[in-house]
Amino acid sequence: MAGNLTFDELKSAARSGDIDTVLVCCVDMQGRLMGKRFHVQNFIDSSHQETHCCNYMLATDLEMATPDGYATTSWRAGYGDYVMKPDLSTMRRVPWLDGTAMVLCDLLDHKTHKPVPQSPRQILKVQIARLKELGYEAMMATELEFFLFEQSFRELAQSGYRELTPISAYNEDYHILQTTKEEGIMRPVRNHLFAAGIPIENSKGEAETGQEELNIRYAEALDCADHHTIAKHAVKEIAWAQGRSVTFLPKWHPKKVGSSSHVHMSLWSGKTPVFRDESGEYGMSELMRHFMAGLIEYASDYTWFMAPYVNSYKRFMKGSFAPTRTVWSVDNRTAGFRLCGEGSKAVRVECRIGGSDMNPYLAQAALLAAGIRGIEDKLKLAPPTGGDIYENAEARHIPSTLRASTETLRSSKMLREAMGDDVIDHYVRCAEWEQEEFDKAVTDWEIARGFERA
Ligand code: ADP
């Protein structure tokens, strides 16, 4: 069980007055928790079976605007309902909110009760099932990086996001003194999440002022995405409750490093890590080599799933630890893919492309689709690349703008075959809309540069 609260335990917690509220949540295209707060009695009596939400839940942008162009729903189709079907195995306590539990839902078609193909949880489940057909399970870990600020969300919004003061004053990579100053937020983050059944490993300072990283122990892919989503939500709520703010924007300041979400992956067959072969080079099996060759071959196809906004691409800069090229390396942080745990049972690949704004369900699904294709086609892995890969002119680039990654997504035969045209067309529309909205904006940079001089 992925959560830590059974239905019977919920009933008894309701009787004792321990729990009075159940958050019934689904995950939207942006990877956010959306849903309703139920009185626990109603949840126990009926809504644990199903509840409903408007089917615009998978067709809105960050601002909840309702763009046209989606085949699944529209003004013309009248914006009907989806069924929210609680997955009771995900039920858990929410220790940072009084008297509260949470359950994640799958989204089902209102009439047929079949899974909605465009739902991020469903998209990941499909790739997990494909992998299972081959006889494997994926173990994954997504690192969360973010910045903490002195001011509250409201104060920053009222200042037009101009007076942003990171909570610590200098680079805090691995810094114990600096991160002590952040324990007011980070200690409850670690402890509350752990008590919610999320296997927190550690938090650490990252390589900027006010930047933190939260590490969660690797888990089966769907659990990993659930953990990531709940953890991101918790960090925001815990910071908010203390009058502080946090951002998962990949690049909030041009001179400060960005925030990423690296994805660690290994395949297993039962309890056996099948990426491992003691006799193979670096302890890597042939299977791992094919999987990695797929990740590298199709990196451009799925970049949008790792970097879905205009801002995501501001992170990919030379000399920033964010990758720009699709090669692999042995424990070298300048490559898009890094071999970790070489020669050990924990041999795995880390994809460094993802930004802190990625939807973990979509990102993991896309990575698995590419790796599966690598296995199916027995793709050959090129030798590792060393040195400063930013300067390696032979290595291929990942798309460097939202516009470019939208086109590589649109034309990806691999992803269309793996996920279906209905899914890819849906997310291409999501990507196009984001660009259309940005194209309407007049930025501060344009005004400052041209107001007098142009
Ligand atoms: P680093 O700091 O060098 O990136 P860590 O040792 O902190 O690496 O591990 C990063 C993540 O990798 C952790 O979340 C950990 O749970 C995960 N991890 C460890 N072993 C495996 C594995 N076999 N498969 C997938 N993820 C793993």
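Rules used throughout
Residues numbered from 1 in each chain as written. Predicted model: local features only at pLDDT ≥ 70, side-chain atom pairs only at ≥ 80, totals over all residues. Heavy atoms only, no water. UniProt positions renumbered as here; feature names shortened; annotations may be inferred. Helix = DSSP H or I, 4+ residues; strand = E, 2+ residues; numbered from the N terminus. Rg over C-alpha atoms; globule rule 2.2 N^0.38 Å. Contact = heavy atoms within 4.5 Å. Areas by Shrake-Rupley, 256 points an atom, 1.4 Å probe, with all protein chains shown as cover. Lys, Arg positive; Asp, Glu negative; His and termini not counted. Charge placed at Lys NZ, Arg CZ, Asp CG, Glu CD. Pairing = 2+ DSSP bridges. Axes fitted to C-alpha atoms, helices over the stretch in contact; angles between N-to-C directions. Phe/Tyr/Trp six-rings, centres within 6.5 Å; stacked < 30°, edge-to-face > 60°. Buried < 20%, exposed > 50% of the residue type's maximum accessible area, 1.4 Å probe, protein only. Patch = residues over 30% accessible without salt bridge, like charges linked within 9 Å, V, L, I, M, F, W, Y side chains within 5 Å. Salt bridge = Lys/Arg side-chain N within 4 Å of Asp/Glu carboxyl O. Core = buried A, V, L, I, M, F, W, Y, C linked by side-chain atoms within 4.5 Å. Near = heavy atom within 4 Å. Polar contact = N/O pair within 3.5 Å; in protein donor to acceptor, adjacent residues only side chain to side chain. Nonpolar A, V, L, I, M, F, W, Y, C, P; charged D, E, K, R; others polar.

Looking at an unreviewed UniProt entry, one finds the protein chain named Glutamine synthetase family protein and attributed to Hoeflea algicola. Quoted verbatim from the Cofactor (unreviewed entry) heading of the UniProt record, the comment on the protein chain is "Mg(2+)". The record in UniProt for the protein chain states the following under Sequence similarities (unreviewed entry): "Belongs to the glutamine synthetase family."

Engineer: What am I meant to see in the overall build of the protein chain here?
Structural biologist: A tally of helices and strands in the protein chain yields 14 helices and 16 strands. A globule of 454 residues ought to have a C-alpha radius of gyration of about 22 Å, and the protein chain, at 22 Å, matches this closely. When the backbone C-alpha atoms are referred to their principal axes, the protein chain occupies close to 65 × 60 × 55 Å. Within the protein chain, counting contacts between residues at least 6 apart in sequence, those at least 24 apart form 72% of the total. For the protein chain, the accessible area works out to roughly 20,000 Å², and carbon and sulfur atoms hold 52% of it. Averaged over its 52 positive side-chain charges, the protein chain has a centre that lies 0 Å from the centre of its 63 negative ones.

Engineer: Sorry if this is basic, but what is going on with the sheet that holds strand 9 (residues 211–216) here?
Structural biologist: If you trace the four strands from one edge of the open sheet to the other, you get 8-9-7-11, paired in antiparallel fashion. One side of each edge strand has no neighbouring strand; the edge strands of this open sheet are strand 8 (200–205) and strand 11 (245–247). Going from strand to strand, the sheet's axes swing by 30° on average, the running direction of each strand aside. Alignment of strand 7 (residues 144–149) against strand 11, held across three bridges, turns out to be antiparallel. Paired with Phe-147 across the two strands is Thr-247, which belongs to strand 11.

Engineer: Whenever I open this one, the packing of aromatic side chains confuses me. Can you help?
Structural biologist: Summed over the entire model, instances satisfying the criterion amount to 14 aromatic pairs. On the basis of an interplanar angle of 50° and a centroid distance of 6.0 Å, the ring pair of Trp-304 and Tyr-427 is categorised as tilted. Linking Trp-304 in helix 9 (residues 299–306) with Tyr-427 in helix 13 (residues 421–439), this pair joins segments that are 123 residues apart in sequence. Judged by relative accessible area, Tyr-427 falls into the buried class, the value being 0%.

Engineer: Help me understand the pairing of strand 12 (residues 263–269), please; the structure alone is not making it clear to me.
Structural biologist: Along any regular strand, the residues point their side chains to alternate faces of the sheet. For strand 12, the tally of buried residues reaches six of seven residues, placing the bulk of the element in the interior. With six bridges joining them, strand 6 (residues 137–142) and strand 12 adopt antiparallel strand pairing. Each residue of the ladder has a partner; that of Ala-141, found in strand 12, is His-264. Sheet analysis places strand 12 next to strand 16 (residues 348–351), joined by three bridges and oriented antiparallel. Counterpart to Met-265 in the pairing with strand 16 is Val-349. Bridge count for strand 12 against strand 13 (residues 272–273) is two bridges, and the pairing is antiparallel.

Engineer: How should I be thinking about a nonpolar patch on the surface in this particular structure?
Structural biologist: On the surface, a cluster of nonpolar side chains totalling about 370 Å² of accessible area is made up of Val-442, Ile-447 and Phe-451. Looking at where Ile-447 falls in the secondary structure, it is placed in helix 14 (residues 444–450). With a relative accessible area of 44%, Ile-447 lands in the partly exposed category.

Engineer: Sorry if this is basic, but what is going on with the pattern of salt bridges here?
Structural biologist: A side chain with one charge may pair with a side chain of the opposite charge, provided their charged atoms come close. If you walk through the whole model with that rule in mind, you get 30 salt bridges. With a shortest N-O distance of 3.3 Å, Arg-121 and Asp-87 are connected by a salt bridge. Linking Arg-121 in helix 3 (residues 120–133) with Asp-87 in strand 4 (residues 81–93), this pair joins segments that are 34 residues apart in sequence. Here the two residues Arg-121 and Asp-87 agree in accessibility, since each one is buried. Taking the shortest distance from any N to any O, the salt bridge between Glu-297 and Arg-396 comes out at 3.9 Å. Placement of Glu-297 in helix 8 (residues 286–297) and of Arg-396 in the loop between helix 10 (360–376) and helix 11 (402–410) is noted, with a sequence separation of 99 residues between them. Taking relative accessible area as the criterion, Glu-297 reaches 39% and is therefore assigned partly exposed.

Engineer: Honestly, the nonpolar core in this entry has me stumped. Any pointers?
Structural biologist: The tendency in soluble globular proteins is for nonpolar side chains to be buried as a group. Counting residues in hydrophobic clusters, the biggest one holds 125 residues, and the most contacted among them are Leu-10, Tyr-302 and Phe-305. Considering each element in turn, this core owes the most residues, eleven residues, to helix 10. Dropping the residues within four chain positions of it, Tyr-302 is found in contact with Leu-295, Phe-337, Ala-366, Leu-367, Ala-370 and Leu-415.

Engineer: Sorry if this is basic, but what is going on with the site of the ligand here?
Structural biologist: For the ligand, the set of nearby residues contains 14 residues, the closest of which are Glu-143, Glu-201, Ile-216, Tyr-218 and Ser-266. Within the side chain of Ser-266, a nitrogen or oxygen atom sits 2.7 Å from a nitrogen atom of the ligand. Coverage of the ligand by the protein amounts to 79% of the 570 Å² it exposes when considered alone. Contributing elements (two or more residues each) for the shell around the ligand: strand 6, strand 12 and strand 16. The class makeup of the residues in the shell around the ligand is five nonpolar, two polar and seven charged.

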